[in-house]
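So you can see what is in the structure, the chains are spelled out below.
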Amino acid sequence: MVTLIWSVLAIAHALGAGSSRDTLSAYMVVNLVSSCVTLLVAMFLQHRTLVIYNKVYPDRMLNLKSNSRKEAERELLAKMDEGERWTVYRSAYSAYKTTNKMLIAGIMLFTLYSMMFGFTPLPIIVLGIILLVQQTAYYREFGKMYK
C-alpha cells in the first residue's frame, strides 16, 4: 500500500497541472523511478508469497485467477473451520470500525484545513462518499444475514 501511494503521488506530482516542466529535477525523476521499481518488487513479493502459501497449504489453495472474486471468497471461507471464521469476522469488524473512525477524522481534518487555508471541498466530498459506500455495503451485508 505504501509503495502504491508513493508511486501515485510521484506520478501525480510529475504530471500535475501546477508543476512546471522546468522544475522536474533529478530528485523528482529518481523519486518517480524508485517508487515504480519498489511497486514492482512489492507486486512480485506478493505473488511469490501466494505461490508459497499454495504449496504449503494445498488443501486451501487461493485461486485469484478464478472467474469471480465472490466465488473465490466463498471458497476460501468454506475451507475455514469455525475458529478461523470467527477470527476473520472479528478482524473484519475491527477494520470496519477503525476505517469509520479514520474517515470521520479525515473529514474533520479537511474541514479544519478548509477553514484555515481556503475552502477545498474535493477531499471532504471524496471521504464522505467513501464513508457512505462503506456504510451502505456494511448494512446491506448485515441485512442479508437476517432475511
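All values reported here derive from a predicted model rather than from experimental measurement.

K.L.:
Just to check I follow, could you spell out helix H4 (residues 82-117) for this structure?
P.N.:
In this model, H4 (36 residues) spans 52 Å end to end at C-alpha, consistent with the 52 Å of a helix rising 1.5 Å per residue. Three or more residues of H4 are buried, namely Tyr-96, Asn-100, Leu-103, Gly-106 and Ser-114. Contact partners of the buried residues in H4: helix H5 (121-145). You can read the cap of H4 off the contacts: a side-chain oxygen lies 3.3 Å from the backbone nitrogen of Gly-83, and it is on Asp-81. With its phi angle positive at about 115°, Gly-118 sits one or two positions after the end of H4.

K.L.:
What should I look at first to understand the confidence of the model for the protein in this one?
P.N.:
Low-pLDDT stretches of the model should not have their predicted coordinates read in fine detail. Per-residue pLDDT for the protein averages 83, and the proportion of residues at 70 or more is 89%. Considering each helix and strand of the protein separately, the mean pLDDT is smallest for helix H1 (residues 2-15), with a value of 74, and largest for H4, with 91.

K.L.:
Even after reading the chapter, I still don't get the packing of H4 against H5, so can you show me in this structure?
P.N.:
Packed helices, taken two at a time, are described by their axes: the angle between them and the distance between them. Look at H4 against H5: their axes get within 9 Å of each other, and the N-to-C directions meet at 160°. For the element pair H4 / H5, the angle class is roughly antiparallel. Once H4 is placed against H5, the crossing between them reads as left-handed. Contacts between H4 and H5 pair Tyr-93, Tyr-96, Thr-99, Asn-100, Leu-103, Ile-104, Gly-106, Ile-107, Phe-110, Thr-111 and Ser-114 from the former with Pro-123, Ile-124, Leu-127, Gly-128, Ile-130, Leu-131, Gln-134, Gln-135, Tyr-138 and Tyr-139 from the latter. Its residues placed into classes, the contact of H4 with H5 shows 13 nonpolar, 8 polar and no charged.

K.L.:
Quick question: what am I supposed to make of the side chain of Asn-54 here?
P.N.:
For Asn-54, the location among the structural elements is in helix H2 (residues 26-56). Exposure remark for Asn-54: the relative accessible area of 14% places this residue in the buried category. For Asn-54, the contacting residues outside a window of four places in its chain are Arg-60, Met-61 and Leu-62.

K.L.:
Can you help me understand the environment of Asn-31 in this one?
P.N.:
Looking at the secondary structure, you find Asn-31 in helix H2. With 24 residues separating them along the chain, Asn-31 and Ser-7 place their C-alpha atoms 8.5 Å apart. Dropping the residues within four chain positions of it, Asn-31 is found in contact with Trp-6 and Ala-10.

K.L.:
I keep staring at H5 and nothing clicks. Help me out?
P.N.:
Taking 1.5 Å per residue as the helical rise, H5 with its 25 residues ought to reach 36 Å, and the 37 Å between its terminal C-alpha atoms agrees with that figure. Looking at H5, one finds that the buried residues are Leu-127, Leu-131, Gln-134 and Gln-135. Buried positions along H5 lie against H4.

About the criteria used
Sequence order as written defines residue numbering, which begins from 1 separately in each chain. At least 70 in pLDDT is required for a residue's local features to be given in this predicted model, at least 80 for side-chain atom pairs to be given and counted, and no such filter applies to totals for whole chains, interfaces and linings, which use all residues. Values reported for side chains reflect all heavy atoms of the structure, with hydrogen atoms and water molecules removed beforehand. Put simply, DSSP marks the helices as runs of H or I at least four residues long and the strands as runs of E at least two long, and each gets a number from the N terminus on. For a helix, the expected span equals 1.5 Å multiplied by the residue count minus one. Burial classification: accessible surface area is computed with a 1.4 Å probe over protein chains only, and a residue below 20% of its type maximum counts as buried, one above 50% as exposed, and the rest as partly exposed. Here, residues are in contact when the closest pair of their heavy atoms is within 4.5 Å. The term polar contact refers here to a pair of N or O atoms within 3.5 Å; inside protein, the definition further demands a hydrogen-donor-capable atom paired with an acceptor-capable atom, and it admits residues adjacent in sequence only when both atoms are side-chain atoms. A score from 0 to 100, pLDDT tells how confident the predictor is in each residue. Whenever a helix is involved, its axis is fitted only over the stretch in contact; in every case the axis is a line through C-alpha atoms, and angles between N-to-C directions fall within 0 to 180 degrees. These descriptions rest on fixed angle ranges, namely under 35 degrees for roughly parallel, over 145 for roughly antiparallel, 65 to 115 for roughly perpendicular, and the rest for oblique. Handedness of a helix crossing follows the sense of rotation of the near helix relative to the far helix, less than a right angle counterclockwise being left-handed and clockwise being right-handed. Side-chain classes are defined by residue name, with Ala, Val, Leu, Ile, Met, Phe, Trp, Tyr, Cys and Pro counting as nonpolar, Asp, Glu, Lys and Arg as charged, and the others, Gly among them, as polar.

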